[in-house]
Amino acid sequence: MATDYDAPRKTDEEQSEDSIEELKARRHEKNSGKVDEDEVEAAESFELPGADLSHEELAVKVVPKQSDEFTCMSCFLVHHRSQMASEKNGMPICKDCAD
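Residues numbered from 1 in each chain as written. Predicted model: local features only at pLDDT ≥ 70, side-chain atom pairs only at ≥ 80, totals over all residues. Heavy atoms only, no water.

- Looking at an unreviewed UniProt entry, one finds the protein chain named DUF4193 domain-containing protein, with Aeromicrobium duanguangcaii as its source organism.

## Considering the overall build of the protein chain
Next, step 1: Check the secondary structure of the protein chain and you find three helices and four strands.
Next, step 2: Each helix (α) and strand (β) of the protein chain, taken in turn from the N terminus, gives the series α-α-β-β-β-β-α.
Next, step 3: Counting over 99 residues, the protein chain shows a buried share of 8%.
Next, step 4: Considering only contacts within the protein chain whose residues lie at least 6 apart along the sequence, 4% involve residues at least 24 apart. (Helix = DSSP H or I, 4+ residues; strand = E, 2+ residues; numbered from the N terminus. Buried < 20%, exposed > 50% of the residue type's maximum accessible area, 1.4 Å probe, protein only. Contact = heavy atoms within 4.5 Å.)

## Considering a negative patch on the surface
Next, step 1: Negative charge collects at one region of the surface, where Asp-38, Glu-39, Glu-41 and Glu-44 lie side by side.
Next, step 2: The exposed category is assigned to Glu-44, whose relative accessible area is 61%. (Patch = residues over 30% accessible without salt bridge, like charges linked within 9 Å, V, L, I, M, F, W, Y side chains within 5 Å. Areas by Shrake-Rupley, 256 points an atom, 1.4 Å probe, with all protein chains shown as cover. Salt bridge = Lys/Arg side-chain N within 4 Å of Asp/Glu carboxyl O. Lys, Arg positive; Asp, Glu negative; His and termini not counted. Charge placed at Lys NZ, Arg CZ, Asp CG, Glu CD.)

## Some details on a nonpolar patch on the surface
Next, step 1: A grouping of Leu-58, Val-60 and Val-62 is seen on the molecular surface, where their side chains present a nonpolar patch of about 400 Å² in accessible area.
Next, step 2: Along the polypeptide, Val-60 turns up in the loop between helix H2 (39-45) and strand S1 (69-71).
Next, step 3: In this structure Val-60 comes out as exposed when scored by relative accessible area, which is 67%.

## Observations regarding the side chain of Thr-71
Next, step 1: Positionally, Thr-71 belongs in strand S1.
Next, step 2: Residue class for Thr-71 comes out buried when judged on its relative accessible area of 19%.

## Some details on the pairing of strand S3 (residues 84-88)
Next, step 1: Summarising the sheet, S3 and strand S4 (residues 91-94) pair through four bridges and their orientation is antiparallel. Directly across from Glu-87, in S4, lies its bridge partner Pro-92.
Next, step 2: Linking two consecutive strands that pair antiparallel, namely S3 and S4, is a turn of two residues; a positive phi of about 55 degrees is found at Asn-89 within it. (Pairing = 2+ DSSP bridges.)

## Here we look at the environment of Pro-92
Next, step 1: Relative to the helices and strands, Pro-92 resides in strand S4.
Next, step 2: Judged by its relative accessible area of 17%, Pro-92 falls in the buried class.
Next, step 3: Residues contacting Pro-92, with those up to four places away along its chain left out, are Phe-70, Thr-71, Cys-72, Met-73, Met-84, Ser-86 and Glu-87.

Given below as structure tokens:
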């Protein structure tokens, strides 16, 4: 915001009076405290550059769990057996969850 240094300056009392008057005027406005924007409409209006993937189809090949892999019973991710930290009550836990 540009500042005009040649303009007459207001005292602290004048500035506080202006702000109080503005607040009183805003209090009487009907929509001063309401937000009219719908979150869904706002989210739909955002467009990321180069992110138009509406006509794209993703083809992902799902491979079943291999014999040398396990499912962590804490984070429920499939890890290689080398990532197993321990087994608590017969349930495997990965190194990330054991820390």
